[in-house]
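Below, each chain spelled out in residue letters.
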Amino acid sequence: MSLYITKDGNPGDRAGWLVSGYKYGVVSMKIFRWLGMTLLTLAVVVSVALFGARFADGPIEIVSGGPFSTGEKIVGAEPDWRFLNDKVTVEFQLEKPARSRTTWVVELDGKVYIASAYMTTSWGKIWKQWPLDAEKDGRAILRVDGKLYDRQMIRITEGPEVAPVLELLSKKYNLASSPNAVDNGYVWLFWLAPRKNV
């Protein structure tokens, strides 16, 4: 015979709840409440951290940051960019919107290139907004070792430099890539050209 209890917790007839089911339900609700509160707390902490990063002096690893507030502005002749071959990442900031990011970088024939992949994926369309912003207004600042270089980001969709730049990116970062990725828009390449009339 099954033991039933009434809503007030006393043994009763079949109109009450089965004891084992009642206890299971209470435990389940406590677990769901705890899980819900944990997820809500985590979401709030992440949101506050992401919002706060917008005011930081540069990016925080993969999280975009605010505009650069430190660094030595370099003017004059173009540097020998080959030193970038030894850098794993660099930071750059767009002028509009004034947010900064960390990115991979390569140098080819004295020119600086960066790339953005996943541009045709659904999550890339949500996550990767900076390439769209750079295409509209390519004014940017490159920060390397505390030095600031004014640049103009120019999207490269074709030309003789596409294949060698992708090859350098593939070798440096152990990635598989081909010029088809640029042709179909999966990868956007940018040349960080010297900015005119700065």
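Residues numbered from 1 in each chain as written. Predicted model: local features only at pLDDT ≥ 70, side-chain atom pairs only at ≥ 80, totals over all residues. Heavy atoms only, no water.

### Some remarks on the overall build of the protein
Helix and strand counts for the protein stand at 5 helices and 10 strands. Sorting the 198 residues of the protein into buried and exposed places 33% on the buried side. Across the protein, every contact between residues at least 6 apart in sequence was considered, and the portion connecting residues at least 24 apart equals 58%. For the protein, the exposed surface amounts to about 12600 Å²; the carbon and sulfur share of it is 60%. (Helix = DSSP H or I, 4+ residues; strand = E, 2+ residues; numbered from the N terminus. Buried < 20%, exposed > 50% of the residue type's maximum accessible area, 1.4 Å probe, protein only. Contact = heavy atoms within 4.5 Å. Areas by Shrake-Rupley, 256 points an atom, 1.4 Å probe, with all protein chains shown as cover.)

### Some thoughts on the nonpolar core
With 32 residues, the main nonpolar core has Ile114, Trp130, Leu142, Met153, Leu189 and Phe190 as its most contacted residues. Sort the elements by how many residues they give to this core and helix α4 (residues 162-173) lands first, with 5 residues. Ignoring sequence-local partners within four residues, the contact set of Trp130 consists of Phe92, Leu94, Arg101, Ile114, Ala115, Ser116, Met153 and Phe190. (Core = buried A, V, L, I, M, F, W, Y, C linked by side-chain atoms within 4.5 Å.)

### Comments concerning the side chain of Thr103
With respect to the element layout, Thr103 can be found in strand β5 (residues 100-104). Among residues more than four places away in sequence, those in contact with Thr103 are Val88, Thr89, Val90, Phe92, Ile114 and Ala115.

### Quick notes on the confidence of the model for the protein
Regions with low pLDDT should not have their predicted coordinates read in detail. For the protein, mean pLDDT is 83; residues scoring 70 or higher make up 78% of the total. Below pLDDT 50 for its whole length, residues 15-19 participates in 13 contacts with residues either more than four positions away or in separate chains. (pLDDT = per-residue confidence, 0-100.)

### Examining the packing of aromatic side chains
Taken as a whole and assessed by the stated rule, the structure comprises 9 aromatic pairs. Seen in terms of ring centroids, Trp81 and Tyr149 are 4.9 Å apart; in terms of plane orientation they differ by 65°. Their pairing is edge-to-face. You can see Trp81 sitting in the loop between β3 (72-73) and β4 (89-94) and its partner Tyr149 sitting in strand β9 (residues 147-156), a full 68 residues away along the chain. Each member of the pair, Trp81 as well as Tyr149, is classed as buried. Following the ring pairs from residue to residue traces out a cluster consisting of Phe92, Trp130, Trp188 and Phe190. Note that Lys111 overlies the ring of Trp191, its terminal NZ or CZ placed 4.4 Å from the centroid. (Phe/Tyr/Trp six-rings, centres within 6.5 Å; stacked < 30°, edge-to-face > 60°. Lys NZ or Arg CZ within 6 Å of the ring centre and 35° of its normal.)

### Points about a nonpolar patch on the surface
Residues Met29, Phe32, Trp34, Leu35, Leu39 and Leu42 make up a contiguous nonpolar surface patch of about 690 Å² in total accessible area. By the element assignment, Leu35 lies in helix α1 (residues 19-53). (Patch = residues over 30% accessible without salt bridge, like charges linked within 9 Å, V, L, I, M, F, W, Y side chains within 5 Å. Salt bridge = Lys/Arg side-chain N within 4 Å of Asp/Glu carboxyl O.)

### Describing the pattern of salt bridges
Note that side chains of opposite charge can pair when their charged atoms are close. Within the structure shown, the criterion is met by 10 salt bridges. For Glu78, the salt bridge goes to Arg151, with nearest N and O atoms at 3.0 Å. Linking Glu78 in the loop between β3 and β4 with Arg151 in strand β9, this pair joins segments that are 73 residues apart in sequence. On the basis of relative accessible area, Arg151 is assigned to the buried category, the value being 1%. Overlapping salt bridges bring together Lys73, Glu95, Asp150 and Arg195 as one network.

### Remarks on α4
Its 12 residues give α4 an end-to-end C-alpha distance of 16 Å, which sits within 8% of 16 Å, the value for a rise of 1.5 Å per residue. Listed as buried for α4 are Val162, Val165, Leu166, Leu169, Ser170 and Tyr173. On an axial view of α4, the arc spanned by its buried residues comes to 140°, and they lie on one face. Residues of α4 that are buried make contact with β5, β6 (106-108), β7 (111-116), β9, α5 (179-183) and β10 (188-194). Two residues or fewer past α4, Asn174 is found with a positive phi of approximately 55°. (Expected span 1.5 Å × (residues − 1). Arc of directions from axis to C-beta.)

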